[in-house]
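Now for the letters of each chain:
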Amino acid sequence: MKTSTRVVIIGGGVVGASVLYHLTKLGWSDVMLLERSELTSGSTWHAAGGFHTLNGDTNMAALQGYTIRLYKELEELTGMSCGLHHVGGVTLADNQDRFDMLLAERAKHRFMGLETEIVTPEEIKKIAPVTSVEGIIGGLYDPLDGHLDPSGTTHAYAKAARMGGATIETHCMVQETNQRPDGTWDVVTDKGTIHAEHVVNAGGLWAREVGAMAGVYFPLHPMEHQYLVTEEVPLIAEMMADGKEHPHVMDPAGESYLRQEGKGLCIGFYEQTCRPWAVDGTSWSFGQDLLPDDFDKIEDSIAFAYKRFPDLEKAGVKNVIHGPFTFAPDGNPLVGPVPGMRNYWSACGVMAGFSQGGGVGLMLAQWMVEGEPERDVMAMDVARFGDWITPGYTLPKVIENYQKRFSVAYPNEELPAARPHRTTPMYDIFTEMGAVWGQQFGLEVPNYFAQGDEPTYETPSFRRSDAFDATAREVAGVRNAVGINEVQNFGKFLIKGPKARAWLDRIMAGRVPQKGRLSLTPMLSEKGRLFGDFTISCLAEDLFQLTASYGSQAYHHRWFLSHLEDGVEVEKISDRRNGFQIAGPKARDVLQACTRTDVSTMKFLDVWEMTIGQVACIVQRVSYTGDLGFEIYCDPMDQRALWNALWGAGQDHGMVPFGMRAMMSLRLDKFFGSWLSEFSPDYTAAETGLDRFISFKKNTDFIGRAAAEAERATPPARKLMAFEVDADDADVHGYEPIWLDGAVVGFCTSGGYSHHAQKSIAMGFVPTEHAEEGLAVEIEILGKMRPAKLITTPLFDPEGARMRG
């Protein structure tokens, strides 16, 4: 056995094999996979082997499409069969909400190049004749859906990797992973020790145990999952005699998936009476094993399935496959460099391995070889969960995710399991004020404030929700008087040291401000794509505060630490500095009533230290609402005292609390973009307009400069613009296609209703040559073409007089 290699991948399931293959495909041949048993041991060998493209996250759907198309390439490369059955599949909708979700997904697929289509009950019956369409109002057909042979596919990945120079050691159990001072790893096995530059945890059911060897907790949990294979079904036998194969059918109402298996049917369930497995850890003795049959927990599911697929009731059960699969709290994989670790990578939690394994392998290989993946992978980035997450949080969220596997995914839905988890000192005060809570990165954040008999729960919907009136009230309060909300949900960092300024000049593309001032700046990757959207506040010549997305703080912290230099310290203080934002025409009056400092001379983008009430604060004159506003930061221990001062003074000026629903409406008035909507690693600064914050004059070779300069010389092909939409009862949420002259030319990034202007607004990309005032387009919203026109003048304070005055 080799004793040194560039990469050791731990785990020989389909994901580990995919990572191994993709590393060789990108040119790293000195790579090695270790499997304690045989390839496919764990979850891979007993998987149902289905694949599909449907996913609520657009990038995940695209990667699933890549995975499915990859299989033919593997077969051609290796001469091995993956057992492909491209039979297509249809997802059923038995109510309007489910149908709305399918309409929204179909719209996304238009600009992604996925040829799905909405089908009627009559068409469903022809496509999938075993289906009873009673109560069905429509469906989504995807010709790419199908199934394969899990073992054959895994071994095809393995052979392709070996052809590229990779080594695979089976019956080789990893016992320890120990990091050397230089960042490389000693991987101790029962066959000897291997020295590796990188380690990849693709441990599947054992990912938690493998992670623990390196002192890392992976938020994963296995769940029991059961599917049945029937004896011969006459209808299926007849189809086979005619040379046909029955397509997949996903029935969300019945929480089931169905496909053909031989001359019978295979059906699996995501039952509500689900059971977690191996709560205290996965035994090393478990391998190519199954769990005992358990018909009791799927009794209701089977009864429903007999009504949806009547042929099932007439067929005997041939096999029962009951085994564990691993899930993350939100159901997406955990992929990428593990925060706080050097050269340690994750490829875990890929429960849909035959839909996602190829895309996961490609993205991780690009990350390792090229420094960054080609697209925004935040939906599966291991950094999307912070160091606050625990097994006690993971377990109820995984159960919830399993139970909602086939549920409608609403754009405004707030899932309740394991909440509240993290709260600020304002939680009880805001709750008493009627706060309707959302969560971000485990933190409870007010979405809006209900009054009177308004419900304290926002009903999930694709259309305007019951938060509409409350949001309008809060927007009016901000625009006409003054509003207040927390600034806890900003990610915050302190950058300090004698070389802090020079380091920030290199890390950030924008200008680094002088003492007492702040600046707005994009942070770019080497390829010029957006890695962050930051505010830099200069507190002293060697001390800076950075603020950005709260949910991306681990992602940003990992980036900072990977580029750290001597003479610079980076400290994540997101939860050690809190406070409030006040915004609106009366904001200055409220602030002045709470402090002896004369704030009348405080200019836009100033940063001052002052005492407010009895609390020492950092005050910044800036506001995401686009109005006159101030961000006020303090120690969380002082937050309630600060609240008492601001709220007390605010009563004479009509102060109202406002939440994130109002914030998102207010920012649309100014066409302000939002991180991971308008601004993400999928886009560049020039495409989004953030290039106006790049300091091309500074004499620094900042990260991404060459790419930004090239784009400056040759403008991008697309441009982010705003649109006024003639909407009905539903607004843009994101990824709706933009039509021009009967063709899809762009897509929306986000949108909503401007309560100030009383207009539906969308933001999205269109070809640069068409990005002119008044451009008439159509935006597809829930299957309907809605007229829209491009607008360039902000709906509120277009000259910035109130914001800057």
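Residues numbered from 1 in each chain as written. Predicted model: local features only at pLDDT ≥ 70, side-chain atom pairs only at ≥ 80, totals over all residues. Heavy atoms only, no water.

### Observations concerning the packing of helix H2 (residues 58–78) against helix H3 (residues 96–112)
- Interhelical geometry of H2 versus H3 gives an angle of 60° and a closest axis separation of 11 Å. In terms of axis orientation, H2 runs oblique to H3. In the crossing of H2 with H3, the sense of the turn from one axis to the other is right-handed. Contacts between H2 and H3 pair Thr58, Ala61 and Ala62 from the former with Lys108, Phe111 and Met112 from the latter. (Axes fitted to C-alpha atoms, helices over the stretch in contact; angles between N-to-C directions. Helix = DSSP H or I, 4+ residues; strand = E, 2+ residues; numbered from the N terminus. Parallel < 35°, antiparallel > 145°, perpendicular 65-115°, else oblique. Left-handed = near helix turned anticlockwise from the far one by under 90°. Contact = heavy atoms within 4.5 Å.)

### Side note on the environment of Val656
- Residue placement: Val656 occurs in strand E31 (residues 655–657).
- For the pair Val656 and Ala476, spaced 180 residues apart in sequence, the C-alpha separation works out to 9.5 Å.
- Ignoring anything within four residues of it in the chain, the contact list for Val656 reads Glu474, Gly477, Val478, Val482, Gly483, Ile484 and Trp647.

### Points about the sheet that holds strand E37 (residues 784–791)
- With antiparallel pairing, six strands are arranged side by side around a closed barrel as E32-E35-E34-E33-E36-E37. Looking at each pair of strands side by side, their axes are set apart by 45° on average, direction ignored.
- Summarising the sheet, strand E33 (residues 737–740) and strand E34 (residues 743–754) pair through four bridges and their orientation is antiparallel. Pairing of Ile738 across the sheet is with Gly746, part of E34. (Pairing = 2+ DSSP bridges.)

### A word on unusual backbone geometry
- Put simply, Arg419 and Pro420 share a cis peptide bond, and its omega is -5°.
- With a phi angle near 60°, Asn343 is a residue other than glycine that sits in the positive phi range.
- Positionally, Asn343 belongs in the loop between strand E17 (334–337) and strand E18 (344–348).
- The phi dihedral of Leu605 falls on the positive side, at around 75°, and the residue is not glycine.
- Among the secondary structure elements, Leu605 is positioned in the loop between helix H16 (587–593) and strand E28 (607–612).
- By relative accessible area, Leu605 is classed as buried at 16%. (Buried < 20%, exposed > 50% of the residue type's maximum accessible area, 1.4 Å probe, protein only.)

### Comments concerning the sheet that holds strand E26 (residues 569–572)
- Strands sit in the order E23-E24-E25-E22-E26 across an open sheet of five strands; the sheet is antiparallel. Each edge of the open sheet carries a strand with a single partner, namely strand E23 (518–524) and E26. Across the sheet, the mean angle from the axis of one strand to that of its neighbour is 30°, orientation sign disregarded.

### Quick word on the packing of aromatic side chains
- The final tally for this structure, using the stated rule, is 31 aromatic pairs.
- Between the aromatic rings of Trp388 and Phe441, the centroid separation amounts to 5.7 Å while the plane-to-plane angle is 80°, which identifies the pairing as edge-to-face. Here the residue Trp388 occupies a position in the loop between helix H10 (353–370) and helix H11 (391–403), and Phe441 occupies one in the loop between strand E19 (435–440) and strand E20 (443–449), the gap between them amounting to 53 residues. Of the two residues, Trp388 and Phe441, both sit in the buried class. (Phe/Tyr/Trp six-rings, centres within 6.5 Å; stacked < 30°, edge-to-face > 60°.)

### Brief notes about the pairing of strand E29 (residues 615–620)
- Counting buried positions along E29 yields five of six residues, so the element is predominantly enclosed.
- One ladder, built from six bridges, connects E28 with E29; its direction is antiparallel. Its bridge partner being in E29, Val607 is matched across the sheet by Gln620.
- Across three bridges, E29 lies against strand E30 (residues 629–634) in antiparallel orientation. Residue pairing for E30: Gln620 is matched across the bridge by Glu631.

### Observations regarding the side chain of Asp682
- Inspection of the secondary structure puts Asp682 in the loop between helix H18 (660–669) and helix H19 (685–688).
- Summary of buried charges: Asp682 has no salt-bridge partner, and the nearest side chain of opposite charge, Arg529, is 4.8 Å away.
- Within the structure, Asp682 has its side chain in polar contact with the side chain of Asn59 (distance 2.8 Å).
- When sequence neighbours within four positions are dropped, the list of residues in contact with Asp682 reads Asn59, Arg375, Asp376, Arg529, Glu687 and Arg718. (Lys, Arg positive; Asp, Glu negative; His and termini not counted. Salt bridge = Lys/Arg side-chain N within 4 Å of Asp/Glu carboxyl O. Polar contact = N/O pair within 3.5 Å; in protein donor to acceptor, adjacent residues only side chain to side chain.)

### Quick notes on the nonpolar core
- With 67 residues, the main nonpolar core has Phe218, Ile495, Leu504, Met508, Leu546 and Phe560 as its most contacted residues.
- Considering each element in turn, this core owes the most residues, five residues, to strand E24 (residues 530–540).
- When sequence neighbours within four positions are dropped, the list of residues in contact with Leu504 reads Ile495, Val512, Ile536, Phe544 and Leu546.
- Judged by nonpolar contacts, the second largest core, of 66 residues, contains Val31, Ala47, Tyr157 and Val229. (Core = buried A, V, L, I, M, F, W, Y, C linked by side-chain atoms within 4.5 Å.)

### So, empty space enclosed by the protein
- One pass over the structure, following the stated rule, counts two cavities of 30 Å³ or more.
- In this structure, the largest cavity spans a volume of roughly 80 Å³.
- Counting residues per element, the ones that place at least two in the lining of the largest cavity are strand E12 (221–230), strand E15 (264–269) and helix H8 (299–308).
- Looking at the lining of the largest cavity, the element that brings in the most residues is H8, giving three residues.
- Here the residues of the lining of the largest cavity sort into nine nonpolar, two polar and no charged.
- Of the pockets and cavities examined, the second largest cavity occupies roughly 60 Å³.
- Gly528, Thr684, Ala685, Ala686, Asp691, Ile694, Phe696, Ala707, Ala708, Glu711 and Arg712 together form the lining of the second largest cavity.
- Looking at the lining of the second largest cavity residue by residue, the class counts come to six nonpolar, two polar and three charged. (1 Å grid on protein atoms, 1.4 Å probe; cavity = no way out; pocket = protein on both sides within 12 Å on 5 of 7 lines; lining within 4 Å. Points joined across faces, edges and corners; volume = space filled by probe spheres on them. Nonpolar A, V, L, I, M, F, W, Y, C, P; charged D, E, K, R; others polar.)

### Comments concerning the layout of surface pockets
- By volume, the second largest pocket is sized at about 660 Å³.
- In this structure, the second largest pocket is lined by 28 residues; those nearest its centre are Pro337, Trp345, Trp367, Arg558 and Ser562.
- Within the residue set of the lining of the second largest pocket, elements represented by two or more residues are E18, H10 and helix H15 (553–562).
- Here the residues of the lining of the second largest pocket sort into 15 nonpolar, five polar and eight charged.

### Thoughts on the pattern of salt bridges
- For the structure shown, the criterion picks out 43 salt bridges.
- For Asp627, the salt bridge identified is with Arg479, shortest N-O distance 3.1 Å. Taken as a pair, Asp627 in the loop between E29 and E30 and Arg479 in helix H13 (residues 468–480) lie far apart in primary sequence, 148 residues in all. In this structure, Asp627 and Arg479 share a single accessibility class: buried.

### Some words on helix H1 (residues 14–25)
- Between its terminal C-alpha atoms H1 stretches 16 Å, which fits the 16 Å expected from twelve residues at 1.5 Å a residue.
- For H1, the buried fraction is high: eleven of the twelve residues fall into the buried class.
- Buried within H1 we find Val14, Val15, Gly16, Ala17, Ser18, Val19, Leu20, Tyr21, His22, Leu23 and Thr24.
- Directly after H1, the chain includes Gly27, whose backbone phi takes a positive value near 110°. (Expected span 1.5 Å × (residues − 1).)

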